[in-house]
Amino acid sequence: MDTNTWILVLAVAAVLAVALGAAVVLLVRLVRTRRDLRRAGLPTGPRWVFWGAVAYVVLPTDLMPDPAYFDDIAVLLLALRSMRASSDPLR
């Protein structure tokens, strides 16, 4: 393989590593948010939102088959937003 092919392979691997890292960070934030809301006695929203997001990230099937984790990141962001919105005292 020539130099350009190796550069392309390394660039793709770097993008995948960054996307996986972002998905892991968001999953940890989702779990911590749920735990903190439960400790504070606030509602955490529907349980299926939390468990559905966790299952979507863990299970190997995707709605949008892609080599990166962009759909997983979107699902985690929506679940985190939903949980935080359900605990908003102004609602």
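Computed from a predicted structure; not experimentally measured.

Under the defined criterion, the tally for this structure stands at one salt bridge. The salt bridge involving aspartate 36 is made with arginine 35; its shortest N-O contact spans 4.0 Å. When its relative accessible area of 38% is taken as the criterion, arginine 35 is described as partly exposed.

By the secondary structure assignment, leucine 16 is in helix α1 (residues 3-39). Classification of leucine 16 by relative accessible area gives partly exposed; the value is 28%. C-alpha separation for the pair leucine 16 and phenylalanine 70, spaced 54 residues apart in sequence, amounts to 9.7 Å. For leucine 16, the residues in contact, after removing those within four places along its chain, are Pro67, Ala68 and Tyr69.

Attention shifts here to the packing of α1 against helix α3 (residues 70-86). Between α1 and α3, whose axes approach to 9 Å, the crossing angle comes to 20°. Between α1 and α3, the crossing angle belongs to the class labelled roughly parallel. When the axes of α1 and α3 are compared, the crossing they make is left-handed. For the pair α1 and α3, contact is made by Ala19, Ala22, Ala23, Leu26, Leu27, Arg29, Leu30, Thr33, Arg34 and Leu37 and by Phe70, Ile73, Leu76, Leu77, Ala79, Leu80, Met83 and Arg84, respectively.

Moving on: the packing of aromatic side chains. Enumeration according to the criterion identifies one aromatic pair in this entry. Relative to tryptophan 51, the ring of phenylalanine 50 has its centre 4.8 Å away and its plane inclined at 80°; by these criteria the two rings are edge-to-face. Given the relative accessible area of 5%, phenylalanine 50 is considered buried. In this structure, arginine 34 is placed above the aromatic ring of phenylalanine 50, and the distance from its NZ or CZ to the ring centre is 4.5 Å.

The next subject is the nonpolar core. General note: in soluble globular proteins, nonpolar side chains tend to be found buried as a group. In this structure, Leu30, Phe50, Ala53, Leu76, Ala79 and Met83 are the most contacted members of the largest nonpolar core, which totals 13 residues. Listing elements by their share of this core, those giving two or more residues are α1, α2 (47-58) and α3. Per-element tally for this core: the top contributor is α3, with five residues. The contact partners of alanine 79, leaving out residues within four places of it in the chain, are Leu30, Val49 and Ala53.

Moving on, we get to the UniProt feature "transmembrane region" (unreviewed entry) in the protein. Those places that UniProt annotates as "transmembrane region" (unreviewed entry) correspond, in this numbering, to residues 6-31. Measuring from the first to the last C-alpha atom of residues 6-31 gives 37 Å, for a span that is 100% helix and 0% strand.

Calculation criteria
Residues numbered from 1 in each chain as written. Predicted model: local features only at pLDDT ≥ 70, side-chain atom pairs only at ≥ 80, totals over all residues. Heavy atoms only, no water. Salt bridge = Lys/Arg side-chain N within 4 Å of Asp/Glu carboxyl O. Buried < 20%, exposed > 50% of the residue type's maximum accessible area, 1.4 Å probe, protein only. Helix = DSSP H or I, 4+ residues; strand = E, 2+ residues; numbered from the N terminus. Contact = heavy atoms within 4.5 Å. Axes fitted to C-alpha atoms, helices over the stretch in contact; angles between N-to-C directions. Parallel < 35°, antiparallel > 145°, perpendicular 65-115°, else oblique. Left-handed = near helix turned anticlockwise from the far one by under 90°. Phe/Tyr/Trp six-rings, centres within 6.5 Å; stacked < 30°, edge-to-face > 60°. Lys NZ or Arg CZ within 6 Å of the ring centre and 35° of its normal. Core = buried A, V, L, I, M, F, W, Y, C linked by side-chain atoms within 4.5 Å. UniProt positions renumbered as here; feature names shortened; annotations may be inferred.

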